[in-house]
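Each chain, letter by letter, is given below.
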Amino acid sequence: MVSVVAVVTDSTAYLPPGLAERHALTVVPLQIAVAGTVWDEGDLIAAEAPDITTSRPSPARFADAYKAVADAGADEVVSVHLSARMSGTVEAARLAADDAPVPVRVVDSGTIGMGLGFAVLSAAATTLSGGTGEQAADAALRRAKLTRSLLYVDTLEHLRRGGRIGAAATLFGSALMVKPLLDIADGRIEPLEKVRTSTRALARLEELAVIEAGDRRVDLGVQHLGAPSRAESLAARLRERIPHVQDVYVGEVGPVIGAHVGPGMIAAVVAPHL
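### Focus: unusual backbone geometry
Most peptide bonds are trans, and most residues other than glycine sit at a negative phi.
Point 1. Located in the positive-phi region is Asp-186, a residue other than glycine, with phi close to 55°.
Point 2. Its place among the elements puts Asp-186 in the loop between β9 (178-185) and β10 (188-196).
Point 3. Overall, Asp-186 belongs to the exposed group, its relative accessible area being 66%.
Point 4. One non-glycine residue, Thr-197, adopts positive backbone phi at about 80°.
Point 5. Considering the arrangement of structural elements, one finds Thr-197 in the loop between β10 and α8 (198-213).
Point 6. Thr-197 gets classed as partly exposed once you look at its relative accessible area, which sits at 25%.

### Here we look at the sheet that holds strand β3 (residues 31-34)
Point 1. Taken together, the three strands give an open sheet; going across it, the order is β4-β3-β5, and neighbouring strands pair in antiparallel fashion. Both outer strands of the open sheet, β4 (37-40) and β5 (52-55), are each paired with one neighbouring strand and no more. Averaged over all pairs of adjacent strands, the angle between strand axes in this sheet comes to 30°, irrespective of strand direction.

### So, the packing of aromatic side chains
Point 1. Summed over all chains, the structure comprises two aromatic pairs.
Point 2. Ring plane angle 40° and centroid distance 5.9 Å describe the contact between Phe-118 and Tyr-249, whose orientation is recorded as tilted. Remark: Tyr-249 occurs in strand β12 (residues 245-252) and Phe-118 occurs in helix α4 (residues 114-128); sequence separation between them is 131 residues.
Point 3. According to the relative accessible area criterion, Phe-118 is buried, its value standing at 1%.
Point 4. The exposure class assigned to Tyr-249 is buried, which follows from its relative accessible area of 18%.

### Quick notes on the nonpolar core
Point 1. Core analysis: the biggest nonpolar cluster contains 46 residues, and Leu-15, Leu-25, Val-78, Val-80, Phe-118, Leu-121 and Met-265 have the highest contact counts within it.
Point 2. Sorting elements by how many residues they give to this core places α4 first, with eight residues.
Point 3. If we skip the residues at most four places from it in the chain, Val-78 touches Val-5, Ala-6, Val-7, Val-8, Arg-105, Val-107, Gly-133, Ala-136 and Ala-137.
Point 4. One finds Leu-205, Leu-220, Ala-231 and Val-245 within the second-largest nonpolar core, a separate group that totals 25 residues.

### Re helix α3 (residues 89-97)
Point 1. Within α3 the residues assigned to the buried category are Thr-89, Val-90, Ala-92, Ala-93, Ala-96 and Ala-97. Seen from one end, α3 has its buried residues packed into an arc of 160°, which puts them on one side.
Point 2. Lining the buried residues of α3 we find β1 (5-10), α2 (59-71), β6 (76-81) and β7 (104-108).

### A look at helix α9 (residues 228-241)
Point 1. Taking 1.5 Å per residue, 14 residues should reach 20 Å; α9 reaches 20 Å between its end C-alpha atoms and fits that length.
Point 2. Contacts from the buried residues of α9 go to α8, β11 (218-224), β12 and β13 (266-272).

### Points about the sheet that holds β6
Point 1. The sheet built from four strands is open, its strands ordered β2-β1-β6-β7 with parallel pairing. Both outer strands of the open sheet, β2 (25-28) and β7, are each paired with one neighbouring strand and no more. With direction set aside, neighbouring strand axes in the sheet form an average angle of 25°.
Point 2. Set on the sheet, α2 makes contact with β1, β2, β6 and β7; between it and β6 the angle comes to about 140°.
Point 3. Contacts from helix α5 (residues 133-146) reach β1, β6 and β7 within the one sheet, and its direction differs from that of β7 by about 5°.

What counts and how
- Residues numbered from 1 in each chain as written.
- Predicted model: local features only at pLDDT ≥ 70, side-chain atom pairs only at ≥ 80, totals over all residues.
- Heavy atoms only, no water.
- Helix = DSSP H or I, 4+ residues; strand = E, 2+ residues; numbered from the N terminus.
- Buried < 20%, exposed > 50% of the residue type's maximum accessible area, 1.4 Å probe, protein only.
- Pairing = 2+ DSSP bridges.
- Axes fitted to C-alpha atoms, helices over the stretch in contact; angles between N-to-C directions.
- Phe/Tyr/Trp six-rings, centres within 6.5 Å; stacked < 30°, edge-to-face > 60°.
- Core = buried A, V, L, I, M, F, W, Y, C linked by side-chain atoms within 4.5 Å.
- Contact = heavy atoms within 4.5 Å.
- Arc of directions from axis to C-beta.
- Expected span 1.5 Å × (residues − 1).

Next comes the structure, spelled out in structure tokens:
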């Protein structure tokens with residue numbers, strides 16, 4: 001008898017509208033607090049609102065999600081989430097998994113945004129083609145490790161305030177007109193290069209994405225915060241320059257990432273096929 005495998009992720013995958021439903025994914029939202037009011041990510045639209053704080057989902061939210069998919073017929077669950085070095089979400093999922101009614105494999109993707117999103121889509125594709133939970137978890141991990149997430153931010157101050165990057169690294173982009181490029185490595189956001197002026201930094205981001213893709217078959221994610229025209233322009237240029245690009249997703253990140261990167265952020269996510 002073929003096992004039915006459900007795939008669960010969290011809201012920081014920022015999957016384009018309709019994609020979660022198309023791939024039968026369950027998305028558990030992280031939470032944000034603004035002026036003392038707690039919201040699920042997705043219920044609050046203003047990613048740039050001041051004084052946002054963020055928190056992981058409670059183990060109870062994951063327990064509810066695991067029970068719901070089990071009640072719907074799942075025999076096992078693959079639960080793929082943002083880096084444990086950025087959030088306690090993986091820990092909450094593991095706590096809930098201990099008491100779930102069906103076996104749950106919790107996967108720390110080591111990344112966030114569409115880097116996580118592409119890993120989740122690989123897990124879903126594996127299950128929809130009849131793969132086991134073990135195979136789906138392995139596909140998610142392999143896709144996450146292959147994927148490169150490159151980021152441009154106007155300033156490192158938001159990341160420093162949120163504790164996502166150290167004070168020493170903040171000096172990397174503190175000089176006048178120096179714009180930092182960042183990378184996600186070993187589950188953390190790390191400085192990559194510093195470039196003078198935003199125009200040059202965005203051109204360099206594009207170049208790095210093209211180099212990363214090379215001649216491989218890849219999917220692309222271009223994500224932004226409050227910079228839709230920049231994101232669409234970058235996506236169009238990457239479509240032209242990368243020879244074997246397949247799917248290209250362009251979208252805005254939500255408040256959980258937005259609180260830490262600040263307005264003007266542009267990310268290029270290059271995800272080679274397995």
